[in-house]
Amino acid sequence: MNKIKINENGIIDLHTHSTLSDGRLSFKELIMSAKKNCYSAIGLTDHVYYYNYKEISQKIIEFVHENQNKYNDIVLIPGVEITFATPKQIETITKYVRSIGTKLILVHGEASFEETPAGTNDAAIDSCVDVLAHPSYITDEQAKRAFKNNVSFELSARSCYCYANPQIVETALKHGANIIINSDGHFEDTLLTKEKVLDTAQNASLTNEQFACLKTNTINLVERLLSR
Ligand SMILES: [Zn+2]
Ligand SMILES: [Zn+2]
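Residues numbered from 1 in each chain as written. Chains lettered and ligands numbered in written order. Predicted model: local features only at pLDDT ≥ 70, side-chain atom pairs only at ≥ 80, totals over all residues. Heavy atoms only, no water.

A. View of the coordination of the zinc ion (ligand 2). For the zinc ion (ligand 2), the protein coordination sphere consists of His15 (NE2), His17 (NE2), Glu81 (OE) and Asp184 (OD), at 2.0 to 2.2 Å. The site at the zinc ion (ligand 2) holds 4 donor atoms, and with the angles between them running 82 to 170°, its shape is irregular. Donor residues for the zinc ion (ligand 2), ordered by position in the chain, follow H-x1-H-x63-E-x102-D. Between the zinc ion (ligand 2) and the zinc ion (ligand 1), a spacing of 3.3 Å is present, and a bridge between the two is formed by Glu81. Of this pair, His15 sits in the loop between β1 (11–13) and α1 (27–36) while Glu81 sits in strand β4 (residues 75–82), and the two are 66 residues apart along the sequence. Across the pair, exposure class does not vary: His15 and Glu81 are buried alike. (Donors = N, O, S within 2.8 Å, 3.2 Å for Na, K, Ca; no water. Tetrahedral: all angles 85-135°; square planar, octahedral: opposite > 155°, others 65-115°. Helix = DSSP H or I, 4+ residues; strand = E, 2+ residues; numbered from the N terminus. Buried < 20%, exposed > 50% of the residue type's maximum accessible area, 1.4 Å probe, protein only.)

The following block contains the structure:
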């Protein structure tokens, strides 16, 4: 699967939700909406919790195996978003889902208005997940370790999470850590468009040069994920 070449002019979004967790669209509807918005790659990253991670991760992998060949212009990436798990559970879930073929592992980061377990951001970085989603403010130490462990920080396009984006950009880039823009979309209107990507970049205070780098690095990241 996934022998398709990624269209570099399309949108890459590595964080979306379907009806398998709290999204409003089925996988097929989600992909149809993504194609309408000119996506070239989409991460299917429903929430997984400690009580259901085996079942959900398996369903996502099966969907991609059975359906990728129906789409020749959008790459489907089987993922998960590990949510409200303790640091120890994050490590356990990461090892398991990677072993069965999940290509993209996100962790639901620590936002100030949610009861995410303390230490979630550190655990995500130490477990070498692929993306720390909406981490809120990050420290220099975390950015250094993320660089070393190949963990990308998400700049969320969601209004509830984007407050920290300028701080994430500044801290991550100071230490060479990777940043990516994701929708965290739960329904059609919240998926990325070219305008929304640009807005998110501008609101995060990215320079044109940094934005160009982000786009190249995101393509490289997808290629790395798919080569697993
Ligand atoms: Zn999340
Ligand atoms: Zn999410």
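B. Quick peek at helix α8 (residues 208–226). With 19 residues, α8 ought to run about 27 Å at 1.5 Å a step, and its terminal C-alpha atoms sit 28 Å apart, in line with that. Those residues of α8 that sit buried are Phe211, Leu214, Thr218, Ile219, Leu221, Val222, Leu225 and Leu226. In an axial view of α8, the angular spread of the buried residues amounts to 160°, which keeps them on one side of the axis. (Expected span 1.5 Å × (residues − 1). Arc of directions from axis to C-beta.)

C. A look at helix α2 (residues 53–67). Between its terminal C-alpha atoms α2 stretches 21 Å, which fits the 21 Å expected from 15 residues at 1.5 Å a residue. Every buried residue of α2 is listed here: Tyr53, Ile56, Ser57, Ile60, Ile61, Phe63, Val64 and Asn67. Seen from one end, α2 has its buried residues packed into an arc of 155°, which puts them on one side. In α2, the exposed positions angled more than 90 degrees off the buried face are occupied by His65 and Glu66. Where α2 is buried, its residues meet α1, β2 (39–44), β3 (47–48), β4 and α3 (87–99). (Contact = heavy atoms within 4.5 Å.)

D. Quick look at unusual backbone geometry. You will see that Phe84, though not glycine, has its phi angle at about 50°, which is positive. Checked against the element boundaries, Phe84 lands in the loop between β4 and α3. Phi angles above zero are rare outside glycine, and Cys128 is one such case at about 55°. Among the structural elements, Cys128 can be located in the loop between α4 (120–126) and β6 (131–133). Taking the relative accessible area as the measure of exposure, Cys128 reaches 33% and is therefore partly exposed.

E. Layout of the coordination of the zinc ion (ligand 1). The protein atoms donating to the zinc ion (ligand 1) are Glu81 (OE), His108 (ND1) and His134 (NE2), with metal-donor distances spanning 2.0 to 2.1 Å. Between consecutive donors of the zinc ion (ligand 1), the numbers of intervening residues give the motif E-x26-H-x25-H.

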